[in-house]
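# Residue-level structure breakdown
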Amino acid sequence: MKVKRMNFIVLTIFPEMFDPFWKHGIIRRAIDRKKIFASAINIRDFAKDKHRVTDDRPYGGGCGMVMKAEPLAGAIRAAQQKAPSAKTVLLTPQGRCFNQNLAQELASSDGVILACGRYEGVDERISHHLIDDEISIGDYVLTGGELGAMIIIDAVTRLVPGTLGSEDSAENDSFSTGLLEHAHYTRPRSFEGDEVPDVLLSGDHKKIENWRLETSLIRTFLKRRDLFGKKSLSPQEIDILKKWCLDIEKIIYDQSLRGSDTLSGAQ
Ligand code: 4GX
């Protein structure tokens, strides 16, 4: 049986930017193992004029140039013909903000056509007729959509079944668990006097799992408290948080036994 591959088609005036990207790490392995299909189409190939121009001056005046509609429209239509069931996305700061949920959504689609604009922007009529979705990779300004396309392809690829080895599965990712990841350690046991926590050397897998979950919770609490608002806690996670509450209450109670002034509200 022929297995369906996730199809990524990038539309760009700089297709060579993607050559090194296709050639390394998990992306390369996913292509080699036929889990994904990836290609870059040069928008300039769809410019009809002698000089293959892809930009022009903005109507209404002002500085900067605008990406012309016709070459990009030609490239989009060519890509849609190659991948009729793929979703066509434009990289733009005005788009939906890319995150793990959106990566998951794209990973369960048949493919993505990623249109990369350059210059001050793309002729508005491209979005009107040819784009299914606009995506931003974050609130900062890039010189073009290419790096954004790579980020999306990178994050989506590792969610395609069979692209990660079992040793680096996506299940324990922060953002799948809703928590930041626990700390990682490897050899040597002592690095410049800094020791690996004893629990990790204990061989007690239940204790190790619990320590990892607890450090995940602590890190999330200290660095990204906002993530708790987006996550439903497991009974085990609730137990750990309740234990902290009791520990903190005990610290405060012990202070009161010592007759601490600060507890009675005195300055
Ligand atoms: N997340 N940019 C795109 C040109 C442009 C402007 C408007 C289409 C419409 C960006 C981001 C980003 C800069 C890429 C402007 N193209 N893309 N470019 N942030 O900043 O995705």
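What this report covers is the structure whose coordinates are included nearby. (Residues numbered from 1 in each chain as written. Predicted model: local features only at pLDDT ≥ 70, side-chain atom pairs only at ≥ 80, totals over all residues. Heavy atoms only, no water.)

Inspection of every chain in the model, using the stated rule, returns 16 salt bridges. Between Lys87 and Asp133 there is a salt bridge, with its nearest N and O atoms 3.5 Å apart. With a gap of 46 residues between them, Lys87 in strand β5 (residues 87–97) and Asp133 in strand β8 (residues 133–136) connect regions that are remote in the sequence. Take Lys87: its relative accessible area is 23%, and that puts it in the partly exposed class. Between Asp226 and Arg224 there is a salt bridge, and its shortest N-O distance comes to 2.9 Å. You can call Arg224 partly exposed: its relative accessible area is 30%. It is possible to trace a salt-bridge network through shared partners that takes in Lys87, Arg96, Glu105 and Asp133. (Salt bridge = Lys/Arg side-chain N within 4 Å of Asp/Glu carboxyl O. Helix = DSSP H or I, 4+ residues; strand = E, 2+ residues; numbered from the N terminus. Buried < 20%, exposed > 50% of the residue type's maximum accessible area, 1.4 Å probe, protein only.)

Turning to a nonpolar patch on the surface, a few remarks are in order. On the surface, a cluster of nonpolar side chains totalling about 430 Å² of accessible area is made up of Phe14, Met17, Tyr140, Leu142 and Leu147. As for its placement among the helices and strands, Tyr140 is situated in the loop between β8 and α6 (146–157). (Patch = residues over 30% accessible without salt bridge, like charges linked within 9 Å, V, L, I, M, F, W, Y side chains within 5 Å. Areas by Shrake-Rupley, 256 points an atom, 1.4 Å probe, with all protein chains shown as cover.)

To continue, consider the site of the ligand. Close to the ligand lie 18 residues; Gly121, Ile137, Gly138, Tyr140 and Leu142 are nearest. Contacts to the ligand include Ile137, whose backbone N or O atom sits 3.0 Å from a nitrogen atom. Separating a nitrogen atom of the ligand from a backbone N or O atom of Gly138 is a distance of 3.1 Å. In isolation the ligand exposes 460 Å². Once the protein is present, 94% of that is buried. Among the secondary structure elements, those contributing two or more residues to the shell around the ligand are β5, β7 (121–122) and β8. The element that contributes the greatest number of residues to the shell around the ligand is β5, accounting for 3 residues. Class assignment for the residues of the shell around the ligand results in 9 nonpolar, 7 polar and 2 charged. (Near = heavy atom within 4 Å. Polar contact = N/O pair within 3.5 Å; in protein donor to acceptor, adjacent residues only side chain to side chain. Nonpolar A, V, L, I, M, F, W, Y, C, P; charged D, E, K, R; others polar.)

Turning our attention to the sheet that holds β7. The strand order across the open sheet formed by 3 strands is β3-β4-β7, and the pairing between neighbours is mixed. Lying at the two open borders of the sheet, with one neighbouring strand each, are β3 (55–56) and β7. Taken together, the 2 bridges between strand β4 (residues 66–67) and β7 define a ladder with parallel strand orientation. Pairing of Val66 across the sheet is with Gly121, part of β7. (Pairing = 2+ DSSP bridges.)

Next up on the list: α6. The end-to-end C-alpha distance of α6, which contains 12 residues, comes to 16 Å, matching closely the 16 Å that a straight helix rising 1.5 Å per residue would cover. Counting buried residues along α6, 9 of its 12 residues qualify, which places the element largely inside the surrounding structure. Listed in full, the buried residues belonging to α6 are Glu146, Gly148, Ala149, Met150, Ile152, Ile153, Ala155, Val156 and Thr157. (Expected span 1.5 Å × (residues − 1).)

What follows is about the nonpolar core. Ranked by size, the top nonpolar core spans 32 residues in total, and within it Phe8, Val10, Trp22, Phe98, Leu114, Ile152 and Val156 carry the most contacts. Broken down by secondary-structure element, the contributors of at least two residues to this core are β1 (6–12), α1 (19–22), α2 (25–32), β2 (36–42), β5, α4 (100–107), β6 (111–116) and α6. With 6 residues, the top contributor of residues to this core is α6. Apart from residues no more than four positions distant in its own chain, Val156 is found in contact with Met6, Phe8, Phe98, Ala103, Leu106 and Ala107. If you look at the next biggest cluster of nonpolar residues, it comprises 21 residues, including Ile76, Ala79, Ala86 and Ala115. (Core = buried A, V, L, I, M, F, W, Y, C linked by side-chain atoms within 4.5 Å. Contact = heavy atoms within 4.5 Å.)

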